[in-house]
Amino acid sequence: MRGRGGYCFPLAPTGRRVALGARALGGHRPAEYGASVPEISVFDHDAVLSAVGPLEAVERVRQAFVEYAGGEWAMPPKVYLDAPDGDFRAMPAQGAGIAILKWVTSFPHNPAAGLPVVTGVICVSRLADGELLALVDARSVTALRTGAVAAMATQELAREDARSAGIVGCGLHGAWAARCLAAAEYGPGVCFDPDPDAAGALAGELGWEAGSLEDALGCDVVTCVTPGAEPVVTAAGLRPGQHLNLLGADGPGKAEAELAAIGRCALFCDEWRQASHGGELAGAFEAGMLVGEQVTELGAVLTGEASGRTEDDAITLFDSTGLAIQDLTICLAVLEAERAGALRPPTVRL
Ligand SMILES: NC(=O)c1ccc[n+]([C@@H]2O[C@H](COP(=O)([O-])OP(=O)(O)OC[C@H]3O[C@@H](n4cnc5c(N)ncnc54)[C@H](O)[C@@H]3O)[C@@H](O)[C@H]2O)c1
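Residues numbered from 1 in each chain as written. Predicted model: local features only at pLDDT ≥ 70, side-chain atom pairs only at ≥ 80, totals over all residues.

## Observations regarding the overall build of the chain
Here is the rule we go by: A run of DSSP states H or I qualifies as a helix once it reaches four residues; a run of E qualifies as a strand once it reaches two. Both are numbered from the N-terminal end. As a reference, a globule follows 2.2 Å times the number of residues to the power 0.38, and the radius of gyration itself is taken over C-alpha atoms. Labels follow a simple rule on C-beta atoms placed from the backbone: if 20 or more others lie within 10 Å of a residue's own, it is buried; if 12 or fewer, it is exposed; otherwise it is partly exposed. Contacts are defined on C-beta atoms placed from the backbone: any two residues whose C-beta positions lie within 7 Å are in contact.
A count of helices and strands for the chain gives 11 helices and 17 strands. For 350 residues, the compact-globule estimate of 2.2 N^0.38 gives 20 Å, and the C-alpha radius of gyration of the chain, at 21 Å, lies within 12% of that figure. Along the three orthogonal principal directions, the C-alpha set of the chain runs to about 70 × 45 × 40 Å. Burial analysis of the chain (350 residues in total) assigns 47% to the buried set. Partitioning the intrachain contacts of the chain with sequence separation of at least 6 by distance along the chain shows that 67% fall at a separation of at least 24.

This is the structure we're talking about:
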């Protein structure tokens, strides 16, 4: 266990299935392949979601921010690889005895062809010796950790008496943000989406209401998870004391709030290095409207190094760009569920 009250995946392969090499594989492996070929657990979408509930995800994500802010976990910058109709992202991180690499897509036009926007895999290795431990579905992990960070940021930054929750953009990640907010006892709320079926389905699931954009923006806590193609939050629509989670603008050129709205808020982000290049605040930063010192990383609030909300009337804005440490912490929870016997995933040998 870590000294700071954290957790650590055991460094030694305790009781893992390890297959023999060339002979066990019928002699098809070349001799130089080595003496042993470990079995790798494969966690699909449903296994991830059955292992980690929204409330656990919120607590795990909080722990990830604390560990990273305290220097216990490490996360090199995300790498983008552009494609004609989207992009690929490579996201590494290490902490708690494991190292991950998430290889994930964002192809915004895919739904028209019946394909997911976000898909990919997370490779999980043991930090001590590099052994590959697991392959984890990236889509479910992304959904859980993205929804969880919205709820966690709300717990840290919203007013104590904040309850009503507006969701703007009720697609995959908007729905998970709403589920995590509801699990953290926010709501009832208002779901808005230009697609009334999306808003209606989410509202029905949670016992909330489907409403107009104005209704959603009028709530105590407003969470935007749109494609970020055009601003939905205006300065005129802001209410004193609100908290905003802006999750949709997770790459260059996207924005969900107009610059004048950003200028009225106390600003927080997941990581400034990432947020200043491709997050909600990047446009204001590039326009010279703000400097890095005006933006507080949420981890610093969690560790007590920085203040969160300082006035009841302040409007707090949290810019989420999505961090690999969030993915790592969900993968850790999945591995722990397997070790506890709650999951029996299939395995492969490479
Ligand atoms: N911050 C993060 O960590 C993170 C993680 C995953 C995805 N994202 C981003 O979140 C955004 C949404 O992703 P998704 O997978 O949920 O997409 P999605 O296609 O499943 O959902 C997007 C929803 O937004 C709705 N929408 C479109 N324009 C809107 C508008 N002007 N107002 C309100 N709703 C509108 C769409 O109808 C759709 O229901 C994308 O930009 C994605 O890159 C961010």
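Having seen the structure, we can now continue with the description.
## Quick word on the domain arrangement of the chain
Note the following rule: Where each domain begins and ends is defined by an automated method or by a domain database. For this classification, the nonpolar set comprises Ala, Val, Leu, Ile, Met, Phe, Trp, Tyr, Cys and Pro, the charged set comprises Asp, Glu, Lys and Arg, and every other residue, Gly included, is treated as polar.
Once the domains are mapped, the chain shows domain 1 (18-141 + 325-348) and domain 2 (149-321). Relative placement of domain 1 and domain 2: their C-alpha centres are 27 Å apart. Listed per partner, the contact involves 16 residues of domain 1 and 16 residues of domain 2. A total of 10 residues in the side of domain 1 that touches domain 2 trace back to one element, the largest contributor, which is helix α2 (residues 54-69). Taken together, the residues of the side of domain 1 that touches domain 2 sort by class into 11 nonpolar, three polar and two charged.

## So, the nonpolar core
Filter applied, for reference: Note on definitions: a nonpolar core is a set of buried residues drawn from Ala, Val, Leu, Ile, Met, Phe, Trp, Tyr and Cys, linked by C-beta atoms within 7 Å.
Among the nonpolar cores identified, the biggest contains 105 residues, and Ile167, Leu181, Cys191, Cys331 and Val334 are the most heavily contacted of them. The dominant element in this core, judged by the number of residues it contributes, is helix α3 (residues 138-157), at 11 residues. Two domains each donate at least three residues to this core, and these are domain 1 (18-141 + 325-348) and domain 2 (149-321). With residues near it in sequence (within four places) discarded, cysteine 331 still touches Ile98, Ile100, Ile122, Val124, Val136 and Val141.

## Overview of the sheet that holds strand β7 (residues 120-126)
To be explicit about the condition: The pairing criterion for strands is at least two bridges between them, as found by DSSP. Interaxial angles span 0 to 180 degrees and are taken between N-to-C directions of axes, which are lines fitted to C-alpha atoms, for helices over the stretch in contact.
The sheet built from seven strands is open, its strands ordered β4-β5-β6-β7-β8-β3-β17 with mixed pairing. At either margin of the open sheet sits one strand with a lone partner, and together these are β4 (79-83) and β17 (347-348). Direction of pairing for β4 relative to strand β5 (residues 86-95): antiparallel, over a ladder of five bridges. Along β5, the bridge assignment pairs leucine 81 with phenylalanine 88. Across the face of the sheet, α3 comes into contact with β6 (98-106), β7 and β8 (132-137) while running at roughly 75 degrees to β8.

## Looking at the site of the ligand
Where we set the bar: Whether a residue is near a molecule or strand depends on its C-beta atom, generated from backbone atoms, being within 6 Å of that molecule or strand.
Of all residues adjacent to the ligand, which total 31 residues, the nearest are Gly169, Gly171, His173, Asp250 and Gly322. For the shell around the ligand, the secondary-structure elements that each account for two or more residues are α3 and α4 (172-183). Sorting elements by how many residues they give to the shell around the ligand places α4 first, with three residues. Residue contributions to the shell around the ligand reach at least three from each of two domains, namely domain 1 (18-141 + 325-348) and domain 2 (149-321).

## A few points about the packing of α3 against α4
The following threshold applies: Throughout this description, any angle smaller than 35 degrees is read as roughly parallel, any larger than 145 degrees as roughly antiparallel, any in the 65 to 115 degree range as roughly perpendicular, and the remainder as oblique. Two helices cross in a left-handed way if the nearer one is turned anticlockwise from the farther one by less than a right angle. They cross in a right-handed way if the turn is clockwise.
Interaxial distance between α3 and α4 falls to 7 Å at its minimum, and their mutual angle equals 45 degrees. Taken together, the axes of α3 and α4 lie oblique to each other. The handedness of the crossing between α3 and α4 comes out as right-handed. Within the contact between the two elements, α3 uses Ala143, Leu144, Thr146, Gly147, Ala148, Ala150, Ala151 and Thr154 and α4 uses Leu172, His173, Trp176, Ala177, Arg179, Cys180, Leu181 and Ala183. Its residues assigned to classes, the contact of α3 with α4 shows 11 nonpolar, four polar and one charged.

## Focus: the pairing of β5
The loop that links β4 with its antiparallel partner β5 comprises two residues. With nine bridges connecting them, β5 and β6 associate as antiparallel partners. In the sheet register, glycine 95 faces β6, and the bridge partner there is isoleucine 98. Linkage of β5 to β6, two consecutive antiparallel strands, is achieved through a turn of two residues, within which alanine 96 is found at a positive phi near 55 degrees.

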